[in-house]
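Residue strings, one per chain:
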Amino acid sequence: MVRKQKSKGRFLDEGAAKEELTELTKKIRENDELYYLKDSPSLSDAEYDALRKRLIFIENKFPHLIVADSPSQTVGVAPAEAFSKVRHGQPMLSLSNAFSKEDVVGFVSKVKRFIGVDECSEVQFLAEPKIDGLSAALRYENGVFVQGATRGDGLVGEDVTANLATISDIPKSLEGNFDSAVLEVRGEVYMAREDFLQLNVDRERNGDEQFSNPRNAAAGGLRQLDPKITAQRKLKFFAYGYGELRKGGADFSLGTTLLEVRERFVELGFILNEPCRMSASIEELLEYYDKIVVERPSLPMDLDGVVYKVNDLALQARLGAVPRSPRRAKAQKFPA
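Residues numbered from 1 in each chain as written. Predicted model: local features only at pLDDT ≥ 70, side-chain atom pairs only at ≥ 80, totals over all residues. Heavy atoms only, no water.

**Here we look at the overall build of the chain**
- The helix and strand inventory of the chain stands at ten helices and 13 strands.
- Against the globule reference of 20 Å for 336 residues, the chain gives a C-alpha radius of gyration of 21 Å, in line with a compact fold.
- With respect to the three principal axes, the spread of C-alpha positions in the chain is 65 × 55 × 40 Å.
- Looking at the chain as a whole, 48% of its 336 residues are labelled buried.
- The contacts of the chain with a sequence gap of at least 6 include a subset with a gap of at least 24, amounting to 73%.
- Looking at the chain as shown, the accessible area adds up to about 16,600 Å², and 50% of this sits on carbon and sulfur atoms.
- Side-chain charges in the chain split into 48 positive and 52 negative, and the spacing between the mean points of these groups amounts to 5 Å. (Helix = DSSP H or I, 4+ residues; strand = E, 2+ residues; numbered from the N terminus. Rg over C-alpha atoms; globule rule 2.2 N^0.38 Å. Buried < 20%, exposed > 50% of the residue type's maximum accessible area, 1.4 Å probe, protein only. Contact = heavy atoms within 4.5 Å. Areas by Shrake-Rupley, 256 points an atom, 1.4 Å probe, with all protein chains shown as cover. Lys, Arg positive; Asp, Glu negative; His and termini not counted. Charge placed at Lys NZ, Arg CZ, Asp CG, Glu CD.)

Below you can see the structure in the form of structure tokens.
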């Protein structure tokens, strides 16, 4: 029996669904290659998000058509051959997206159902701006910065240690007792809007092609083979979480909540993405989103949304992850 699902005003049978998934996968992968490896995407964020939404819609209707290497099951792309490879101690996953307030309400409800509490129970979420940059992982051993990597495909990234070392926002050593400790700090590399505009003025003056946005300029700067070029880009870094953590000294602790982790990061010398908001109220979280939308033009960096994260680290661990993204967090994108 041929399976059919109504879609876009018509019935989508299994054959048509499989054919469309193949085409969507091809387009998404082509853009991923341009976005992650060449820092020059062919699609706008809205166009790309629409492709992913359509792919996920079809896969939800025909789950038996999901393959292991589907864009819904994988993160980023394989590291470029020009760089040495770094295997992440913990996978660097990508956040799933929300495109409406109803999606955010659904996310909070799913979190509560998964941890086994009713809708009236309070679960604290931390909301923070989603910086339009590229993720990086910083490895500290005994409190000293020893290695930095891009996200890559989520399991293996590119070794860009020398380039990250040129960023003044990244501490080269951490205060405290870190004997025998390993800490992988994760965050976002980005370019301030003012520095981006000046960079394009300089490039125009020199007859060079201008960058289309700060994210592409930052990504291109971080993935240079010559760290001196990276240093000229005036890149910045926000810390937002951590991956591998092996405790050493007795006083080494990051806390039991995301808010405590953020406070500890400040003590260690990192800069955070602000302003953030803590609340157990969906209404307050959505009000924060509306506030960021209004304040967005006045902030010194480009944003592409807001991220909501479960605050309690023990609950984060219980929630776990699906193949591509953690259940503990959701990114609400700005309208196109």
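Picking up where we left off.
**Notes on the pattern of salt bridges**
- Going through the model one piece at a time under the given rule, you end up with 17 salt bridges.
- For the salt bridge of Glu 274 with Arg 262, the shortest nitrogen-to-oxygen distance reads 3.1 Å. Remark: Arg 262 occurs in helix α8 (residues 258–268) and Glu 274 occurs in the loop between α8 and β11 (277–279); sequence separation between them is twelve residues.
- The partner of Lys 291 in a salt bridge is Glu 295, with the nearest N and O atoms 2.7 Å apart. Residue Lys 291 and its partner Glu 295 are located together in helix α9 (residues 282–295), separated by four residues, close to a single helical turn.
- Among the residues examined, Lys 291 registers a relative accessible area of 41% and is labelled partly exposed.
- Assessed through its relative accessible area of 24%, Glu 295 is described here as partly exposed.
- Each member of the salt-bridge network shares a partner with another, and the members are Glu 128, Arg 262, Glu 274 and Lys 309. (Salt bridge = Lys/Arg side-chain N within 4 Å of Asp/Glu carboxyl O.)

**Details of the nonpolar core**
- One finds Leu 138, Leu 164, Val 189, Phe 237, Phe 265 and Phe 270 to be the most contacted residues of the largest nonpolar core, which totals 34 residues.
- When contributions to this core are tallied by element, the ones reaching two or more residues are β6 (134–141), β9 (182–190), α5 (193–205), α6 (214–222), β10 (236–246) and α8.
- Residues in contact with Phe 265, not counting those within four places in the same chain, are Val 185, Ala 239, Tyr 240, Gly 241, Tyr 242, Leu 254, Phe 270 and Leu 272.
- One finds Val 123, Phe 125, Ile 131 and Tyr 308 within the second-largest nonpolar core, a separate group that totals 27 residues. (Core = buried A, V, L, I, M, F, W, Y, C linked by side-chain atoms within 4.5 Å.)

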